[in-house]
Amino acid sequence: MGLDPEKQSLREEIERLAGILEEVSLFIHAHPEEGLREELARRKLVEVLAAQGFTVGPGPEGLPTAFVARYSQGGGGPRIAFLAEYDALPGLGHACGHNLIAAVAVGAATAVRRGLERFGRPGTVLVFGTPAEEGAVDDAGGKVYFVEAGFFDGVDAALMAHPSSRNAALGELSTGRVALEITFHGKAAHAAGAPHEGINALDAAILTFNAWNALRQHLREEARIHGIIAEGGVAPNIIPDRARIRMYVRARDPDYLEEVERRVRDCALGAARATGARVEFRYTARTYQSVMPNRTLARLYTDNLAALGVNLDPSEPGGGGGSTDAGNVSRVVPLIHPYFAICPRGTPGHSPEFARAAATQEAHRAALTTAQALAMTAWDLLRDPRLVREARAELEGAQGARNGGSPGSQP
Ligand SMILES: [Zn+2]
């Protein structure tokens, strides 16, 4: 495996960081914090990045557990952002392995920073600490805030990697997601004595679910509608005056996602009309777009991983998949969000088994190799600005196609 001397030096740098990275990962794993409350994780990451020579500052306003770490050299050159996640799941701890995402970002960014210094190349390395990726908390979607606040303006590539039970470069099975809370307001009354005086908010919620069940037959295969009744009254002898649904709509295609969201709302409006209840809609998280992986970057990553002796698993058919706020980033900056295997094939994500796997030796070895491949991918871009332009042209082509223009047209 003939790595050139510069890439070999990045690789060795990450081996030297192994102890620090494992400590960061295990610390975050041992102190699971839900989205927007990741204070300990933030403090730990900021401390380590500052010690590695990064200048650390705040993230977008209103996102106190975000951060930005930066190192610039030579005034110019490509600007590469590594994305760190570090939020946990309620009740399950790090069952999505975000402790490892954070360690990979710190490792790759530190190695690239050292590389710039050692080999005298111009460029900027950033680490964006992006909280609340999991939709379990209200107002989730840290990366969407980064996008909206302009943090990705002028960034040439965004790189991250997510633990999984398999190795995959593209992660193209992700879906977009709308997170809605639907509240029906009715009127309480004695359920036996004066039911005709009441307006049943729970009935409106149940009718909404039944309307969705009827709608499903007429949706494309990629669409998902799923939810819970979070509130449905207080006692059997009181007509429920309030009922609350929490639900997600998912689809890959952003236009179709909008269309399904509209039809889902229509079902609730119809149920409100049928029962006389009043309906109120609220987004509980930012809308996530599906990931549009950059194939130029994915090719570089795949080649670098192969040079490190790791081959990707064959892609699996299927139209489902979870959602991530990395999707919103992928629509403004060339991004890759590959998966790296930390446990046997088929181990379910968001499970206690996955949480245990995220703290093993095997997981940390996989994280080191992933950090090396990501650092080498960043290095390809820093050394050859033509690749930066190629990745950007690919993104603009995709944007042009989505806006109805011809591939390759400017946005
Ligand atoms: Zn995750």
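As the structure is a computational prediction, the values presented were derived from the model and not from experiment.

Draft legend 1. The coordination of the zinc ion, seen in detail. Within the protein, the zinc ion binds to Cys-96 (SG), His-98 (NE2) and His-162 (NE2); these donor distances fall in the range 2.1 to 2.2 Å. When the donor residues of the zinc ion are listed from N- to C-terminus, their spacing reads C-x1-H-x63-H. Taken as a pair, Cys-96 in the loop between β3 (79-84) and α4 (98-119) and His-162 in strand β6 (residues 162-164) lie far apart in primary sequence, 66 residues in all.

Draft legend 2. Quick peek at helix α1 (residues 5-16). Helix length check: α1, at 12 residues, gives a terminal C-alpha distance of 16 Å against a target of 16 Å (1.5 Å per residue), a fit within 8%. Listed in full, the buried residues belonging to α1 are Glu-6, Lys-7, Ser-9, Leu-10, Glu-13 and Ile-14. Buried residues of α1, seen end-on, are gathered within an arc of 155 degrees and therefore sit on one face of the element. Relative to its buried face, α1 has exposed residues pointing more than 90 degrees away, namely Pro-5 and Arg-16. Elements that come into contact with the buried residues of α1 comprise α2 (18-30), α4, α8 (295-307) and α11 (361-383). Two or three places before Glu-6, at the opening of α1, Asp-4 has a side-chain oxygen 3.0 Å from that residue's backbone nitrogen.

Draft legend 3. Structural context of the packing of α8 against α11. One can describe the packing of α8 onto α11 by two numbers: an axis separation of 8 Å at closest approach and a directional angle of 130 degrees. By the angle between their directions, the pair α8 and α11 is classed as oblique. Pair α8 / α11 crosses with right-handed handedness. Between α8 and α11, the residues in contact are Leu-297, Leu-300, Tyr-301, Asn-304, Leu-305 and Ala-307 and Thr-369, Thr-370, Ala-373, Leu-374, Met-376, Thr-377, Asp-380 and Leu-381, respectively. Across the contact of α8 with α11, the residue classes break down as 9 nonpolar, 4 polar and 1 charged.

Draft legend 4. Structural context of the sheet that holds strand β9 (residues 242-251). Read across the open sheet, the 4 strands follow the order β8-β9-β7-β10; overall the sheet is antiparallel. In this open sheet, the two strands that pair with only one neighbour each are β8 (224-231) and β10 (278-283). Within this sheet the neighbouring strands show an average axis-to-axis angle of 20 degrees, counted without direction. Across the sheet, helix α6 (residues 201-216) touches β7 (176-185), β8 and β9, and the angle it forms with β8 is around 170 degrees.

Draft legend 5. Representation of the sheet that holds β3 in the model. With respect to topology, 6 strands assemble into an open sheet ordered β1-β2-β4-β3-β5-β11, the strand pairing being mixed. This sheet does not close on itself; its edge strands, each paired only once, are β1 (55-58) and β11 (335-336). Bridge count between β1 and strand β2 (residues 67-73): 4 bridges; the pairing is antiparallel. Within β2, the position partnered with Thr-55 by the bridge is Arg-70. Helix-sheet contacts for helix α3 (residues 39-51) involve β1, β2 and β4 (123-129), and the interaxial angle to β2 is about 10 degrees.

Draft legend 6. Representation of the pattern of salt bridges in the model. Under the definition given, this model contains 27 salt bridges. Here Glu-23 ties to Lys-44 by a salt bridge, and the two come within 2.6 Å at their closest N and O atoms. Here Glu-23 is found in helix α2, whereas its partner Lys-44 is found in helix α3, with 21 residues between them in sequence. Looking at Lys-44, the relative accessible area reads 11%, which means it is buried. Here Asp-266 makes a salt bridge to Arg-262, at a shortest N to O gap of 3.6 Å. With a gap of 4 residues between them, Asp-266 and Arg-262 both fall in helix α7 (residues 254-275), about one helical turn apart. Here Asp-266 falls in the partly exposed class, since its relative accessible area comes to 40%.

Draft legend 7. Geometry of the nonpolar core. Among the nonpolar cores identified, the biggest contains 67 residues, and Phe-82, Leu-159, Ile-342 and Leu-374 are the most heavily contacted of them. Element by element, the count of residues in this core is highest for α11, at 13 residues. With residues up to four places along the chain from it excluded, the contact list for Ile-342 reads Leu-100, Pro-163, Ser-164, Phe-354, Ala-357, Ala-358, Thr-360, Glu-362, Ala-363 and Ala-366. Counting 26 residues, the second largest nonpolar core, distinct from the first, contains Ile-225, Leu-257, Val-264 and Ala-277.

Draft legend 8. Seen up close, the environment of Pro-32. Within the secondary structure, Pro-32 is located in the loop between α2 and α3. For the pair formed by Pro-32 and Tyr-145, sequence separation is 113 residues and the distance between their alpha carbons is 22 Å. Sequence-distant contacts of Pro-32, that is, excluding residues within four places in its chain, are made with Ala-88, Gly-93 and His-94.

Draft legend 9. The side chain of Thr-324, seen in detail. With respect to the element layout, Thr-324 can be found in the loop between α8 and α9 (326-330). Among the polar contacts listed, one links the side chain of Thr-324 to the backbone nitrogen of Ala-326, at a separation of 3.0 Å. Contacts of Thr-324, omitting those with residues within four sequence positions, involve Glu-85, Glu-133, Thr-175, Tyr-288, Gln-289, Val-291 and His-337.

Reading guide: rules and limits
Here the residue index of a chain counts from 1 through its sequence in written order. Local features in this predicted model are restricted to residues of pLDDT 70 or higher, and side-chain atom pairs are both shown and tallied only at a pLDDT of 80 or more, whereas totals for entire chains, interfaces and linings draw on every residue. Hydrogens and waters are ignored; side-chain quantities use all the structure's heavy atoms. Here the coordinating atoms are restricted to nitrogen, oxygen and sulfur within 2.8 Å of the metal centre, or 3.2 Å for Na, K and Ca, and because water is not among them the sites may look incomplete. Starting at the N terminus, helices and strands are each numbered in turn, a helix being any DSSP run of H or I of at least four residues and a strand any DSSP run of E of at least two. Multiplying 1.5 Å by the helix residue count minus one yields the expected span of that helix. Per-residue accessibility, obtained with a 1.4 Å probe over protein chains only, is compared with the maximum for each type, and a residue is labelled buried under 20%, exposed over 50%, and partly exposed between these values. Think of the arc as the fan of directions from the helix axis to the C-beta atoms. Should any heavy atoms of two residues lie within 4.5 Å, those residues are considered in contact. Two N or O atoms form a polar contact when they lie within 3.5 Å of each other; inside protein one atom must be a possible hydrogen donor and the other a possible acceptor, and for residues adjacent in sequence the pair counts only when both atoms belong to side chains. Where helices are involved, their axes are fitted lines through C-alpha atoms of the stretch in contact, as for all axes, and angles between N-to-C directions lie from 0 to 180°. Here the angle decides the label: under 35 degrees means roughly parallel, over 145 means roughly antiparallel, 65 to 115 means roughly perpendicular, and every other value means oblique. Crossings are assigned a handedness: left-handed for a near helix turned anticlockwise from the far helix by less than a right angle, right-handed for a clockwise turn. In this classification, the charged set is Asp, Glu, Lys and Arg, the nonpolar set is Ala, Val, Leu, Ile, Met, Phe, Trp, Tyr, Cys and Pro, and all remaining amino acids, among them Gly, are polar. Here a strand pair is declared whenever DSSP counts at least two bridges between the two strands. Any carboxyl oxygen of Asp or Glu that lies within 4 Å of a side-chain nitrogen of Lys or Arg is treated as forming a salt bridge with it. To define a nonpolar core, start from buried Ala, Val, Leu, Ile, Met, Phe, Trp, Tyr and Cys residues and group those joined through side-chain atoms within 4.5 Å.

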